[in-house]
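Chain by chain, the residues run as shown.
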Amino acid sequence: MTYHRLAALTAASLIAGAHAAQAEGFYISANIGSTNIDHTLTRSAFTPGLPVPDVGGVGRAETTDFSGGLAFGYEYDIPSTEFYLGGEAFYTFEDGNSRNIVGVLVTDVSLENTYGARVIGGVDITDQFSLYGHLGYTEVDFNVTNSYTFAPPVTRASRSEGALSFGIGAKYDVNDRIAIFSEYTKIPDVDFAGIPEVAGGTGRINPNSLELDKISFGVRLSF
């Protein structure tokens, strides 16, 4: 075997090893990103008996804040195809706060965390790069505060609401154990009843809705 042929075979082997697809199995991951909160508050009518003018209506508040999370999952490569399936449990710390004002009512929402489980389906575009979609169930923990523009009282409550979540992502395998990824997640229709109003003595409960959009970047370690 000539020197040039040996060198060519060695280079080919190194290239093949460097581009080996990630093996199936368990993994853990960590990510950081941002969560956009879209909060809708519906207040159908004014509150009688207040010392200031008041109106009803629909208010919408939007803000974006930091998030960071961990996940534990398993990936299975479908034999003789470029496709793979997976399952994952996740927990994300949220630091989002929004303020919505309709009439004299002020409703603040403070995200605490999100957690749940999801299924993942992907396709290998190259030996190292893949695209995937995910679908799951997410529980959203948050605090709600009611106050008024003119004066106290202030009332507070903690809530936990579940909703469908879905999105897309991209993953790049640095080697057979380490991968980096970026993904988008949407959590629509997180509906909840507000805190009963105390001003005016009506006890009225206003419907609220949250919609979360998350963009994250992370690192995954397989074992």
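We now turn to the structure provided with this report.

Topic: the overall build of the chain
Right, on to step 1. The secondary structure content of the chain amounts to one helix and nine strands.
Right, on to step 2. From first element to last, N terminus to C terminus, the chain shows the α and β order α-β-β-β-β-β-β-β-β-β.
Right, on to step 3. The 223 residues of the chain split such that 42% are buried.
Right, on to step 4. Once local pairs closer than 6 in sequence are excluded, the contacts in the chain between residues at least 24 apart make up 68%.
Right, on to step 5. With an accessible surface of roughly 11,400 Å², the chain has 65% of that area assigned to carbon and sulfur atoms.

Digging into the pattern of salt bridges
A pair can form between side chains of opposite charge whenever their charged atoms are brought close.
Right, on to step 1. Per the stated rule, a full pass over the model turns up 13 salt bridges.
Right, on to step 2. Measuring nitrogen to oxygen at the nearest pair gives 3.9 Å for the salt bridge that ties E62 to R60. Comparing E62 with R60, the two get one shared label, exposed.
Right, on to step 3. The shortest N-O distance in the salt bridge between E211 and K186 comes to 2.9 Å. Here E211, found in strand β9 (residues 207–222), pairs with K186, found in strand β8 (residues 178–193); they are 25 residues apart in sequence, far enough to count as distant.
Right, on to step 4. Salt bridges sharing partners connect three or more residues here, namely R43, D54, E197 and R204.

As for the side chain of S98
Right, on to step 1. On the secondary structure map, S98 appears in strand β4 (residues 97–102).
Right, on to step 2. Not counting the four nearest positions on each side in its chain, S98 is found in contact with I37, H39, T63, T107, D108 and V109.

With respect to the nonpolar core
Right, on to step 1. Ranked by internal contacts, the top residues of the largest apolar core, which has 13 residues, are L111, V140, F142 and L210.
Right, on to step 2. The set of elements that each furnish at least two residues to this core consists of β5 (105–124), β6 (129–148), β8 and β9.
Right, on to step 3. Apart from the residues within four sequence positions on either side, V140 is in contact with L111, N113, T114, R159, S160, E161, I187, V190 and L212.

Points about the environment of F66
Right, on to step 1. Relative to the assigned elements, F66 resides in strand β2 (residues 57–77).
Right, on to step 2. Judged by relative accessible area, F66 falls into the partly exposed class, the value being 43%.
Right, on to step 3. A sequence separation of 33 residues divides F66 from G33, and the C-alpha atoms of the two residues are 6.0 Å apart.
Right, on to step 4. Once residues lying within four places of it in the same chain are set aside, the contact partners of F66 are I32, G33, F93, E94 and D95.

The rules we used
- Residues numbered from 1 in each chain as written.
- Predicted model: local features only at pLDDT ≥ 70, side-chain atom pairs only at ≥ 80, totals over all residues.
- Heavy atoms only, no water.
- Helix = DSSP H or I, 4+ residues; strand = E, 2+ residues; numbered from the N terminus.
- Buried < 20%, exposed > 50% of the residue type's maximum accessible area, 1.4 Å probe, protein only.
- Contact = heavy atoms within 4.5 Å.
- Areas by Shrake-Rupley, 256 points an atom, 1.4 Å probe, with all protein chains shown as cover.
- Salt bridge = Lys/Arg side-chain N within 4 Å of Asp/Glu carboxyl O.
- Core = buried A, V, L, I, M, F, W, Y, C linked by side-chain atoms within 4.5 Å.

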